[in-house]
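# Descriptive structure summary
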Amino acid sequence: MIDTMLISTGITVFAYLIGLKIFQAANRNVWLNPLYTVTVFLFIFLPFLHLDYKTYENGSGLFSILMQTAIVSLAIPLYKQWPLIKKNFKKIGTGIFIGGAAGVGSTLSLATLFGIKKDIMASLLPKAATLPVALSASGSLGGVPALTVLFVLTSALFSFICGPKVLEWLNIKSKAAKGLAMGASAQALGASKCLQWGEEEGAMSAIAMITTAIIVSSLIPFYMLFS
């Protein structure tokens with residue numbers, strides 16, 4: 001078991017270092033973000049090393065623990081930005097609640113319309129939340145962790161690439177609005193982008209990322225009651 005853990009952890013770290021190096025060499029091209037290139041590398045490395053996915057999953061438990069720790073750590077930036085939250089409470093609360101509810105509602109409606117299986121639907125519903133929260137929510141619904149990761153990262157990447165262009169096209173100048181939109185839709189990727197724009201955008205995106213995760217995870221039990 002220890003050997004499997006060391007191999008799985010070593011492969012993951014090695015793949016990440018390669019992905020990070022490529023990302024930096026490509027002037028931080030969004031299409032080469034390590035979140036996605038590392039997945040491709042693991043897809044290549046595992047068969048080459050004759051390591052099946054189940055064995056790798058069992059040996060990479062360290063990262064699951066780190067994910068759970070990350071959920072708790074989300075409270076730190078929320079606490080630090082509490083004065084800003086109080087100042088813009090109505091704006092933040094209304095915007096994020098409507099966005100989160102619309103995201104879960106539209107996903108549920110479309111999934112029901114097209115007859116998507118319950119395990120796939122459970123993996124898809126929490127896609128608007130940050131990855132640690134999405135995995136926890138998906139697990140409580142009986143979703144597939146691998147699909148949840150795919151849906152969350154794909155959604156975040158799409159929002160990360162298209163979000164700034166949409167904001168520019170709609171001529172949205174408000175720093176708070178830009179931060180909330182990117183943080184709620186692109187999660188950590190959106191927050192990192194907003195930090196490049198300015199302190200207020202970065203703070204609002206962090207708040208949006210965290211509160212969206214809270215709202216989405218709060219709405220999930222209602223789905224469980226009526227499913």
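Read on for an overview of the structure. (Residues numbered from 1 in each chain as written. Predicted model: local features only at pLDDT ≥ 70, side-chain atom pairs only at ≥ 80, totals over all residues. Heavy atoms only, no water.)

## Brief notes about helix H7 (residues 89-113)
So the rule is basically this: Put simply, DSSP marks the helices as runs of H or I at least four residues long and the strands as runs of E at least two long, and each gets a number from the N terminus on. The span one expects for a helix is its residue count, reduced by one, times 1.5 Å.
Here H7 contains 25 residues, and its C-alpha end-to-end distance of 35 Å stays within 8% of the 36 Å for a straight helix at 1.5 Å per residue. Of the residues flanking the end of H7, it is Gly-115, one or two places downstream, whose phi is positive at about 65°.

## Looking at the side chain of Gln-187
Note the following rule: Two residues form a contact once any of their heavy atoms are found within 4.5 Å.
Tracing the sequence through the fold places Gln-187 in helix H11 (residues 175-197). With residues near it in sequence (within four places) discarded, Gln-187 still touches Lys-127, Ala-128, Ala-129, Thr-130, Val-152, Ala-156, Met-182 and Met-209.

## Looking at the environment of Ile-11
Mapping Ile-11 onto the fold places it in helix H1 (residues 2-25). Along the sequence, Ile-11 and Leu-141 sit 130 residues apart, while their C-alpha atoms lie 30 Å from each other. Apart from the residues within four sequence positions on either side, Ile-11 is in contact with Leu-42, Phe-45, Leu-46, Leu-49 and Leu-51.

## Some remarks on the nonpolar core
For the record, the criterion: Grouping buried Ala, Val, Leu, Ile, Met, Phe, Trp, Tyr and Cys residues that are joined through side-chain atoms within 4.5 Å yields what is termed a nonpolar core. Only protein chains enter the calculation, and the probe is 1.4 Å; a residue is then buried if its accessible area is under 20% of its type maximum, exposed if over 50%, and partly exposed in between.
Within the largest apolar cluster, 15 residues are counted, with the highest numbers of intra-cluster contacts made by Leu-125, Ala-129, Leu-141 and Ile-220. Here the element with the most residues in this core is helix H9 (residues 131-141); it accounts for five residues. Judged by nonpolar contacts, the second largest core, of eleven residues, contains Ile-161, Ala-186, Leu-189 and Cys-194.

## Structural notes on the environment of Gly-183
Turning to its location among the elements, Gly-183 is positioned in helix H11. The spatial distance from the C-alpha of Gly-183 to the C-alpha of Ile-210 is 8.4 Å, given a sequence separation of 27 residues. Once you skip the residues sitting within four places of it in the chain, Gly-183 turns out to touch Ser-205, Ala-208 and Met-209.

## Some details on the side chain of Thr-211
For the record, the criterion: Here a polar contact is taken to be a pair of N or O atoms separated by no more than 3.5 Å, where protein atoms must pair a possible hydrogen donor with a possible acceptor and residues adjacent in sequence count only if both atoms sit in side chains.
Turning to its location among the elements, Thr-211 is positioned in helix H12 (residues 199-226). Thr-211 sits in the buried class, given a relative accessible area of 17%. There is a polar contact of 2.7 Å between the side chain of Thr-211 and the backbone oxygen of Ile-207.

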